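# Commentary on secondary and tertiary structure
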Amino acid sequence: MLLTPRDGAAAPATHDSQWSQTLPHGYDPARDPYRVYLDSLDSVESRRTMLGCLDRIARLIVGDSAATGAGQPWWLLRYEHTVRIRTLLREQGGDTGPAYSPASVNKHLVALRRVLRECWRLGLMTAEDYQRAADLPSVEHTRLPRGHHVPDRALAAALSVCEDDPSTAGRRDCALLAVLYTTGARRAEIAGLGMEDYDAGERSLRILGKRDKERLVYVTVEAATLLDRWISVRGRTPGALFPPVSKAGRCRQRMVDGRPQLAHPTGQAIAGIVARRLAAAGAPPHTPHDFRRTFIGELLDAGVDLATAQRLVGHSSPATTARYDRRPERRRREAVDRLRLPQPGGSPSQPSPAERSR
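So, how was this worked out
Residues numbered from 1 in each chain as written. Predicted model: local features only at pLDDT ≥ 70, side-chain atom pairs only at ≥ 80, totals over all residues. Heavy atoms only, no water. Helix = DSSP H or I, 4+ residues; strand = E, 2+ residues; numbered from the N terminus. Buried < 20%, exposed > 50% of the residue type's maximum accessible area, 1.4 Å probe, protein only. Contact = heavy atoms within 4.5 Å. Areas by Shrake-Rupley, 256 points an atom, 1.4 Å probe, with all protein chains shown as cover. Axes fitted to C-alpha atoms, helices over the stretch in contact; angles between N-to-C directions. Parallel < 35°, antiparallel > 145°, perpendicular 65-115°, else oblique. Left-handed = near helix turned anticlockwise from the far one by under 90°. Core = buried A, V, L, I, M, F, W, Y, C linked by side-chain atoms within 4.5 Å. Phe/Tyr/Trp six-rings, centres within 6.5 Å; stacked < 30°, edge-to-face > 60°. Expected span 1.5 Å × (residues − 1). Arc of directions from axis to C-beta. Pairing = 2+ DSSP bridges.

## Topic: the overall build of the protein chain
Helix and strand content of the protein chain: 15 helices and five strands. With 358 residues in all, the protein chain has 42% of them scored as buried. A fraction of 61% describes how many contacts in the protein chain between residues 6 or more apart in sequence connect residues 24 or more apart. When the accessible surface of the protein chain is summed, it comes to about 19,900 Å², and 51% of that surface belongs to carbon and sulfur atoms.

Printed below as a string of structure tokens:
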């Protein structure tokens, strides 16, 4: 158990007692800081991610693998507790498994700080206690972006598989892969695209990114041809640009304000489409983020300036975009290629050409 008595407060006991303590005067269960924080997030993906982070932290605190963050008295956490949580995340992860990566630890710390802020906003803890408990340094790290470059031949093979599939899903997936490859959009952004977001005349797509930031991206002429062909099959019904397709070949619908709209897929569904089409093509597995990584690398290889590439992919900082630049990697590899490994069998008394030139 992480929490211990402090200043006369009752010590949390078990998960069943919900960190048993005397509830603060005027506490309303409907104002649960866990729920309030999650409700403040606009993105479904963000809510799902942060819910998972807080639930894992709750399990660390109460020592119960079935615990969740709902209904827990987060306002009891003090600086010594949050420091311990940070250490446990670094050492063992949230489910007593392998230690989390620094980036994952920092994501959990963000969730922890934000739920503590809601405790303060709701009057459940003082400003001083909140500031101390939330004063946690992020884990410093420098890592290369995860993932791999998507080779042209892998995409070509996957597109061929889609072209050979005359079904509705085949037409949809062909256009989806083309849009993914030529925009570098995140999988959640692709899932959120609506029919109204596509301007065929400009070959542009309006993307709603993180923190509700909108940006325009553009598809190539070839990708626009595939997209227009898909729309001729999809129809002009309002709703998702790439809706789920039933086994019968019909786009799934839902009712919105009494009117039918095509349903939006999840980001995981987009990843599933990519995985299935690449597997059917016999290509190595890749994720939607690999397509994003490839898009950024191709732009920078083509001489596009960093600021333009940053705006196209929706990064908040050009430093993030620069991490995907493959050109320094090539220069380092070319530098190493100038070296020559000595061949076996050489006489130790005879200097090598490199040694003679020194």
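## Comments concerning the packing of helix α11 (residues 288-301) against helix α12 (residues 306-313)
Two elements in contact, α11 and α12, have axes whose closest approach is 10 Å; the angle formed by their N-to-C orientations is 155 degrees. Our classification of the angle between α11 and α12 gives roughly antiparallel. In terms of crossing hand, the pair formed by α11 and α12 is right-handed. The segment α11 lies against α12, with Arg 292, Phe 295, Ile 296, Leu 299 and Leu 300 engaging Leu 306, Ala 309, Leu 312 and Val 313.

## Concerning the nonpolar core
One broad trend across soluble globular proteins is that nonpolar side chains are buried collectively. The biggest cluster of nonpolar side chains holds 40 residues, and the ones touching the most others in it are Ile 190, Leu 205, Leu 227, Leu 241, Phe 242 and Phe 291. Residues Ile 57, Ala 67, Val 105 and Ala 134 belong to the second largest nonpolar core, which totals 35 residues.

## Remarks on unusual backbone geometry
Although it is not a glycine, Arg 203 adopts a positive phi angle of roughly 55 degrees. Here Arg 203 is to be found in the loop between β1 (198-199) and β2 (204-208). One non-glycine residue, Asp 257, lies in the positive phi region at around 55 degrees. Within the secondary structure, Asp 257 is located in the loop between β4 (253-256) and β5 (259-262). Judged by its relative accessible area of 79%, Asp 257 is exposed.

## Notes on the packing of aromatic side chains
According to the stated counting rule, one finds two aromatic pairs in the structure shown. Ring geometry for Tyr 181 and Phe 291: centres 6.2 Å apart, planes at 85 degrees, overall edge-to-face. Pair noted here: Tyr 181 is in helix α7 (residues 168-183) and Phe 291 is in helix α11, with a separation of 110 residues, a long-range link. For the residue pair Tyr 181 and Phe 291, the accessibility class agrees, reading buried in each case.

## Regarding helix α9 (residues 221-234)
If you check α9, its first and last C-alpha atoms are 20 Å apart, about what 14 residues at 1.5 Å a residue would give, namely 20 Å. Of all the residues in α9, the buried ones are Ala 223, Ala 224, Leu 226, Leu 227, Trp 230, Ile 231 and Arg 234. Angularly, the buried residues of α9 cover 160 degrees about the axis, an arc narrow enough to put them on a single face. Structural note: α9 exposes Val 221, Glu 222, Thr 225 and Ser 232 on the side pointing more than 90 degrees away from its buried face.

## Things to note about the sheet that holds β1
With antiparallel pairing, the three strands of this open sheet are ordered in space as β1-β2-β3. Because the sheet does not close on itself, it has two edges, and the strands there are β1 and β3 (214-218). Sheet topology note: the β2/β3 ladder contains five bridges and is antiparallel. What sits directly across from Arg 206, in β3, is Leu 216.

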